[in-house]
Amino acid sequence: MKLIDILKGVNCEIKGDPNIDISGVCYDSRKSKNKYLFIAIKGFKTDGIFYVEEAIKNGAVAVVTDREIKEYPGITTVLVEDARAAMAKIASNFYNNPTSKLTLIGVTGTNGKTSVTYMLKAILERQNNKVGLVGTIQNMIGDEVIPSVHTTPESLDLQELFSIMVNKGVKYVVMEVSSHSLALNRVDECEFDIAVFTNLSQDHLDFHQNMEEYAKTKSKLFKMAKSASVINIDDKYSSMMIESSKAKVLTYGIKDFAYVMAKDIRNSLDGVKFKVQIEDKKEEISLKIPGIFSVYNALAAITVADFLGISLRSVREALSQVTVKGRFELVETGKDFYVIIDYAHTPDGIQNIMEALKEYKTGRKILLFGAGGDRDKTKRPLMGEVAGKYADFCILTSDNPRSEDPREIISQIEEGIKKTNCPYVVIENRKEAISYALTNAQKDDVIILAGKGHETYQIIGDKVIHFDEREIVKEILSEGGNR
Ligand SMILES: CC(=O)N[C@H]1[C@@H](OP(=O)(O)OP(=O)(O)OC[C@H]2O[C@@H](n3ccc(=O)[nH]c3=O)[C@H](O)[C@@H]2O)O[C@H](CO)[C@@H](O)[C@@H]1O[C@H](C)C(=O)N[C@@H](C)C(=O)N[C@H](CCC(=O)O)C(=O)O
Ligand SMILES: Nc1ncnc2c1ncn2[C@@H]1O[C@H](COP(=O)(O)OP(=O)(O)OP(=O)(O)O)[C@@H](O)[C@H]1O
Ligand SMILES: N[C@H](CCC[C@H](N)C(=O)O)C(=O)O
Ligand SMILES: [Mg+2]
């Protein structure tokens, strides 16, 4: 493609030949190849501008920057206002604006995004559609799995993925839209048909200045959606999302009156059942993932399905089969106690998982968790406090410490748990902590391993080690870790 065509709609100043042929685009100098366009992005750790020469050495013939750089012989330089915003437009041009050929459903909110996208995929596939999925656990094209690095990829990677989806006959795409992606222009140029809001509670305050700013970032998605905004009316930030909506607003909820409502909720350790009501239509819904939070996630998916004209009967059948790896995942142990792996990694997530277990009265609820390093520090004491309020016993351990000292992270969680009367132990090594939990488990206890969900790794410093809690539980139990 000619550079000038790739730059269509990008406000820029071009020095050098605008008609050169470009064979590929990259934002990482290490990925630059012959006839590439390199986009230099100012990052949080380093700056792409330092790597312009390396990109050229690797074959780049054109460079996009948002600050003046020196001229290189034979290289076309393109000066733009904002390199991330320009990258989104360039990506959409280079891949022929793939979202204009797709029905794109974006799901945002602090918790529930992955769960809602999985539910939607199941519902749409039941209608014989080829569905694309973009999210935290993995990206998918039908049954084909494409590993994911981010919840929402960089614009260039995202548009490429969409174009592959178009080529493979995908009609619907369900995707998680993280607040980082909205703030960092990753989803600019995406033509969203439907936007979904799950909820908003504290997370990522290392990145966003405060909750208002976090909410405002999320609300951008509702300005973008063309056909419908699907909103959880029971969440206190719903009005902000509704105000931002340009399209038709459809609400769902349990407490306040909503277009789609759940009634007669029956929760158990095996799942949750409820009646959904949409005007004069009613249907009994049964979910394999327990908890009121699951009902909310299902309502979000049901509202989208209703907007797309899918019958409640078909939705019911699809939802009855949905499970998501690491979301309230019951591990088969063959013992007389239960082990659940869950991805709760925020105060609200912990509260919800513990609320979901409230009906279960026979054994103790033992909660094992930590908090991710290089992430929101202020959520840590809040996680400790809410854990202490609900659990009978807590085991504080490491999550992904990343570059932080794990003991320091744990001591921040302790500040919160100390406000409660909950007994707890600190075992920094997560595997040893799991072993402690299993070894001391009694009949009917429920052990919740929270925070890592589907992850099969642990990030300690800059090392990524294999760490799969399903395997670890089996290994400890087979070594006689419990009676
Ligand atoms: C805060 C954040 O999102 N940072 C992302 C950002 O990094 P950055 O801007 O700091 O990049 P940098 O390392 O400073 O490098 C600047 C530029 O120089 C380039 N470079 C660098 C080195 C080199 O040799 N050559 C070169 O060209 C880099 O490719 C980059 O373009 O751009 C990088 C390249 O795409 C991302 O990998 C990186 O994600 C980091 C690792 C990250 O942890 N992001 C998380 C917080 C995130 O995005 N999370 C959300 C939400 C999660 C959820 O709640 O579900 C997500 O959507 O995943
Ligand atoms: N609607 C909800 N409200 C509150 N908590 C929820 C909800 N849905 C799920 N959770 C909790 O949050 C955890 C993560 O759920 P899920 O992966 O669906 O969220 P997510 O928004 O995709 O998270 P991430 O931001 O990490 O991608 C679950 O394991 C569960 O503990
Ligand atoms: N995707 C989210 C959740 C991470 C969960 C937890 N395991 C952690 O590493 O903090 C994040 O990057 O903040
Ligand atoms: Mg997710």
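In this text the structure is predicted, and so the values were computed from the model without any measurement.

### Digging into the overall build of the protein chain
Within the protein chain, the secondary structure is distributed over 15 helices and 24 strands. Taken over C-alpha atoms, the radius of gyration comes to 24 Å for the protein chain, in line with the 23 Å a tight globule of 483 residues would show. Across its three principal directions, the C-alpha atoms of the protein chain cover 75 × 55 × 40 Å. When each of the 483 residues of the protein chain is scored for burial, the buried share is 58%. Sequence separation of 24 or more characterises 66% of the internal contacts of the protein chain that already satisfy a separation of 6 or more. For the protein chain, the exposed surface amounts to about 20,500 Å²; the carbon and sulfur share of it is 48%. Charge centroids of the protein chain, computed over 64 positive and 68 negative side chains, lie 3 Å from each other.

### So, the site of ligand 3
Taken together, the neighbourhood of ligand 3 is formed by H204, Y343, H345, G372, R375, D399, N400, R402, G451 and E455. The separation between an oxygen atom of ligand 3 and a polar side-chain atom of R375 is 3.0 Å. For ligand 3, a nitrogen atom lies 2.8 Å from a polar atom in the backbone of G451. Out of a free accessible area of 350 Å², ligand 3 has 88% covered by protein chains.

### Concerning the nonpolar core
Ranked by size, the top nonpolar core spans 73 residues in total, and within it F274, I302, L319, L367 and F369 carry the most contacts. A total of 9 residues in this core trace back to one element, the largest contributor, which is helix α9 (residues 292-307). Counting contributing residues, this core receives three or more from each of domain 2 (98-320) and domain 3 (329-480). Ignoring any residue separated from it by four or fewer positions in sequence, one finds L319 in contact with M119, I123, I285, S286, L287, A298 and I302. Grouped together as the second largest cluster of nonpolar side chains are 29 residues, V170, A225, Y237 and M241 included.

### A word on unusual backbone geometry
Of note in this structure, F328 is not a glycine but carries a positive phi near 50°. When its relative accessible area of 7% is taken as the criterion, F328 is described as buried. Unlike most non-glycine residues, D374 shows phi in positive territory, near 55°. Along the chain, the position of D374 falls in the loop between β19 (365-369) and α12 (379-390).

### Digging into the sheet that holds strand β14 (residues 260-268)
With mixed pairing, 11 strands are arranged side by side in an open sheet as β9-β8-β7-β10-β6-β11-β12-β13-β14-β15-β16. The two strands at the open ends of the sheet, each matched to only one other strand, are β9 (144-146) and β16 (281-287). Averaged over all adjacent pairs, the angle separating strand axes in this sheet is 20°, with direction ignored. In the packing of helix α4 (residues 113-126) onto the sheet, the strands contacted are β6 (103-108), β7 (131-134), β8 (139-141), β10 (172-176) and β16, and the crossing angle to β10 comes to about 170°. Strands in contact with α9 are β6, β11 (194-197), β12 (228-232), β13 (248-253), β14, β15 (271-278) and β16; relative to β15, the strand with the most contacts, it is inclined by about 40°.

### What to know about the UniProt feature "binding site: meso-2,6-diaminopimelate" (unreviewed entry) in the protein chain
UniProt's feature table lists "binding site: meso-2,6-diaminopimelate" (unreviewed entry) at R375, D399, N400, P401, R402, G451 and E455, given in the numbering used throughout. Along the polypeptide, N400 turns up in the loop between β20 (393-396) and α13 (406-417). Given the relative accessible area of 1%, N400 is considered buried. Non-local contacts of N400, meaning those with residues more than four positions away in its chain, are made with A371, G372, G373, K452, E455, Y457, Q458 and I459. Along the chain, R402 falls in the loop between β20 and α13. Each residue touching R402, except ones within four places of it in the same chain, is listed here: G372, G373, D374, R375, I459, I460 and G461.

### Notes on the coordination of the magnesium ion (ligand 4)
The magnesium ion (ligand 4) binds to the protein through T114 (OG1), T136 (OG1) and E176 (OE), with metal-donor distances spanning 2.1 to 2.2 Å. Each donor residue of the magnesium ion (ligand 4) belongs to the same chain, with the gaps between them written as T-x21-T-x39-E. With T114 in helix α4 and T136 in the loop between β7 and β8, this residue pair connects regions lying 22 residues apart in the sequence. Like T114, the residue T136 is buried in the burial classification.

### Structural notes on α4
Taking 1.5 Å per residue as the helical rise, α4 with its 14 residues ought to reach 20 Å, and the 20 Å between its terminal C-alpha atoms agrees with that figure. The buried count for α4 comes to 11 of 14 residues, which makes it a mostly enclosed element. Looking one or two residues past α4, N128 carries a phi angle of roughly 65°, positive in sign.

### Observations regarding the packing of aromatic side chains
Summed over the entire model, instances satisfying the criterion amount to 3 aromatic pairs. Consider the rings of F197 and F222, whose centres lie 6.3 Å apart with planes at 85°: the pair is edge-to-face. Taken as a pair, F197 in strand β11 and F222 in helix α7 (residues 211-224) lie far apart in primary sequence, 25 residues in all. We note K452 situated over the ring of Y457; from NZ or CZ to the ring centre the distance is 5.3 Å.

Reading the values: the criteria
- Residues numbered from 1 in each chain as written.
- Chains lettered and ligands numbered in written order.
- Predicted model: local features only at pLDDT ≥ 70, side-chain atom pairs only at ≥ 80, totals over all residues.
- Heavy atoms only, no water.
- Helix = DSSP H or I, 4+ residues; strand = E, 2+ residues; numbered from the N terminus.
- Rg over C-alpha atoms; globule rule 2.2 N^0.38 Å.
- Buried < 20%, exposed > 50% of the residue type's maximum accessible area, 1.4 Å probe, protein only.
- Contact = heavy atoms within 4.5 Å.
- Areas by Shrake-Rupley, 256 points an atom, 1.4 Å probe, with all protein chains shown as cover.
- Lys, Arg positive; Asp, Glu negative; His and termini not counted.
- Charge placed at Lys NZ, Arg CZ, Asp CG, Glu CD.
- Near = heavy atom within 4 Å.
- Polar contact = N/O pair within 3.5 Å; in protein donor to acceptor, adjacent residues only side chain to side chain.
- Core = buried A, V, L, I, M, F, W, Y, C linked by side-chain atoms within 4.5 Å.
- Domains from an automatic or database assignment.
- Pairing = 2+ DSSP bridges.
- Axes fitted to C-alpha atoms, helices over the stretch in contact; angles between N-to-C directions.
- UniProt positions renumbered as here; feature names shortened; annotations may be inferred.
- Donors = N, O, S within 2.8 Å, 3.2 Å for Na, K, Ca; no water.
- Expected span 1.5 Å × (residues − 1).
- Phe/Tyr/Trp six-rings, centres within 6.5 Å; stacked < 30°, edge-to-face > 60°.
- Lys NZ or Arg CZ within 6 Å of the ring centre and 35° of its normal.

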